[in-house]
Amino acid sequence: MYYNRLTMKTNAQPATSGQPAGSNWYEIKETHNSFGLQIMFLLIRFLPAVFLRLLAFPVGFCYFLFAKKARAVSKQYQERIQAVKAAEGEKFRISTLKHIVSFALVLTEKVSVWAGKFALKNISFEGNDALELQEHLSQKKGCLLIISHLGNSELLRALVDHQKTGLSEQVTVHVVYDKEISGGFVALLNKIDAHATFNLIDANNITPQTITFMQERLAAGECIAIAGDRTSAHTNRFLTVPFLGKNAHFSYGTFLLAALLDVPTWFIFGMRRKDTSLQSAYTMSAYKNQVSFDCSRKEREERMLLTAQAFAHELETRALEHPYQWYNFFDFWTGASQQS
């Protein structure tokens, strides 16, 4: 069937093959072990949240010192930010250290959420589209949520699972994730709170039955969440979209899923108000996709591209507002930039 291509493994090489090893996100494996996870679990369990955030500074600094590749791709990304801002007459100071420390802070907050050590009252909502999403869910209507590696998308599930969305009833969110890459982080969450790992869908094993399951959950008023800013390691299909002044590859599978499910879709962002502050204050925003998939299969590809372009535009807007909160530490423009 057509939608088997969503993330099924094939013998085809990724479109960016031939690039230096590690230039693609799926070549950068997590570095974790059971001992390290145990130490992190103990720290999270027994230390106050503010101490966890304090620890993010030395941890981020150590990572900055020894992660040469992360420094290189961080600088490359920030050069794109700098170029776009310069074209608009604005100045921007490149700081890979601030970028990496910002990442360490957000990572501790992602875990703190599930340990019950994050003040959810410090999260505010902005924009009419966020209010429309709230109203949509209150009517027990399902939707697709396209998230990203900008800011802290984990807050979305936290708000839902802790019933802090302002809705009278609980809403279930099913998250599509890459088990091969995120297994270590998921294992840690499971140790902290087994409920945190409920409703996870492995992106590498999506079948026609999985699509049917998603459709059933959506019909029951639940949500599906999936990242739109990483291509699959198991397919050579992607959507090429302008992003920060150059073409970049965006996930074909994510936008194919949007077309197949054909439900109201929102792009969701959770941005830290201050990049490296000890105060964990966030703003959640939502942008409703205006492209519908009530069309023929021939038109579907074009509408998928339009949706990807709309997502990339919103992603770029917020990346320019919060340049140190983009946590895709790989060469995002490899391959696609050569097609510009």
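Just so we're clear, the structure is a prediction, and the values are computed from it rather than from any experiment.

To continue, consider the environment of K117. Tracing the backbone through its elements, the reader meets K117 in the loop between helix 4 (96-114) and strand 1 (123-126). What makes K117 partly exposed here is its relative accessible area of 24%. For the pair K117 and V50, spaced 67 residues apart in sequence, the C-alpha separation works out to 9.2 Å. In contact with K117, not counting residues within four places along its chain, are I44, R45, F46, L47, P48, A49 and S112.

All right, on to the packing of aromatic side chains then. Given two aromatic rings, one states the distance between the centres and the angle between the planes to describe the pair. Within the structure shown, the criterion is met by 18 aromatic pairs. Ring centres 5.3 Å apart and planes at 85° place the aromatic pair F250 and F332 in the edge-to-face group. Taken together, the positions of F250 in strand 7 (residues 246-251) and F332 in the segment after helix 10 (297-321) put the pair 82 residues apart, joining distant regions of the chain. Exposure class is identical for F250 and F332. Each is buried. Considering the side-chain rings of F267 and F311, the 5.4 Å spacing of their centres and the 75° angle between planes classify their relative orientation as edge-to-face.

Attention now moves to the pattern of salt bridges. Using the criterion set out here, one finds seven salt bridges in the structure. Of the charged contacts, one joins R217 and E222 as a salt bridge, the two residues approaching to 3.0 Å between their closest N and O atoms. For E222, a relative accessible area of 14% gives the class buried. Of the charged contacts, one joins E314 and R318 as a salt bridge, the two residues approaching to 2.6 Å between their closest N and O atoms.

Remark: helix 8 (residues 208-219) packs on helix 9 (residues 252-261), axes separated minimally by 11 Å, with the N-to-C direction vectors making an angle of 60°. When the interaxial angle is binned, helix 8 and helix 9 end up oblique. In this structure, helix 8 meets helix 9 at a crossing whose hand is right-handed. Contacts between helix 8 and helix 9 involve I211, M214, Q215 and L218 from the first element and L257, L260 and L261 from the second.

Turning next to the nonpolar core. Counting residues in hydrophobic clusters, the biggest one holds 47 residues, and the most contacted among them are F243 and F250. Among all residues touching F243, those that are not within four sequence positions of it are A248, F250, A312, L315, E316, W326, F332 and W333. Membership of the second largest hydrophobic core comes to 31 residues, among which are V73, L120, A225 and M284.

The next subject is the confidence of the model for the protein. Interpretation of the predicted coordinates at a detailed level should be avoided for regions scoring low in pLDDT. A residue-level look at the protein finds 76% of positions with pLDDT of 70 or above and a mean pLDDT of 81. Every residue in residues 1-23 is under pLDDT 50, and counting partners more than four places away or in other chains gives 52 contacts. A low-confidence stretch, residues 25-34 stays under pLDDT 50, and its non-local contacts, those more than four residues away or across chains, total 26 contacts.

With that out of the way, let us pick up the sheet that holds strand 5 (residues 223-227). Taken together, the seven strands give an open sheet; going across it, the order is 1-9-8-2-5-3-4, and neighbouring strands pair in mixed fashion. Looking along the sheet, the strands with just one partner apiece sit at the ends: strand 1 and strand 4 (200-202). Direction aside, neighbouring strands of the sheet carry axes that sit 25° apart on average. Relative to strand 5, strand 3 (residues 173-177) is paired through four bridges, and the arrangement is parallel. In the sheet register, V175 faces strand 5, and the bridge partner there is A225. Helix 10 contacts strand 2 (143-147), strand 8 (265-272) and strand 9 (282-288) of the sheet and is inclined by roughly 15° relative to strand 8.

Turning our attention to the pairing of strand 2. Note on strand geometry: in a regular strand, side chains alternate between the two faces of the sheet. With five of five residues buried, strand 2 is to be regarded as a mostly interior element. By the alternation rule, side chains of strand 2 split into C143, L145 and I147 and L144 and I146, which are all buried. As paired strands, strand 2 and strand 8 are joined by three bridges and run parallel to one another. For L144, the partnering residue across the bridge sits in strand 8 and is T265.

About the cut-offs
Residues numbered from 1 in each chain as written. Predicted model: local features only at pLDDT ≥ 70, side-chain atom pairs only at ≥ 80, totals over all residues. Heavy atoms only, no water. Helix = DSSP H or I, 4+ residues; strand = E, 2+ residues; numbered from the N terminus. Buried < 20%, exposed > 50% of the residue type's maximum accessible area, 1.4 Å probe, protein only. Contact = heavy atoms within 4.5 Å. Phe/Tyr/Trp six-rings, centres within 6.5 Å; stacked < 30°, edge-to-face > 60°. Salt bridge = Lys/Arg side-chain N within 4 Å of Asp/Glu carboxyl O. Axes fitted to C-alpha atoms, helices over the stretch in contact; angles between N-to-C directions. Parallel < 35°, antiparallel > 145°, perpendicular 65-115°, else oblique. Left-handed = near helix turned anticlockwise from the far one by under 90°. Core = buried A, V, L, I, M, F, W, Y, C linked by side-chain atoms within 4.5 Å. pLDDT = per-residue confidence, 0-100. Pairing = 2+ DSSP bridges.

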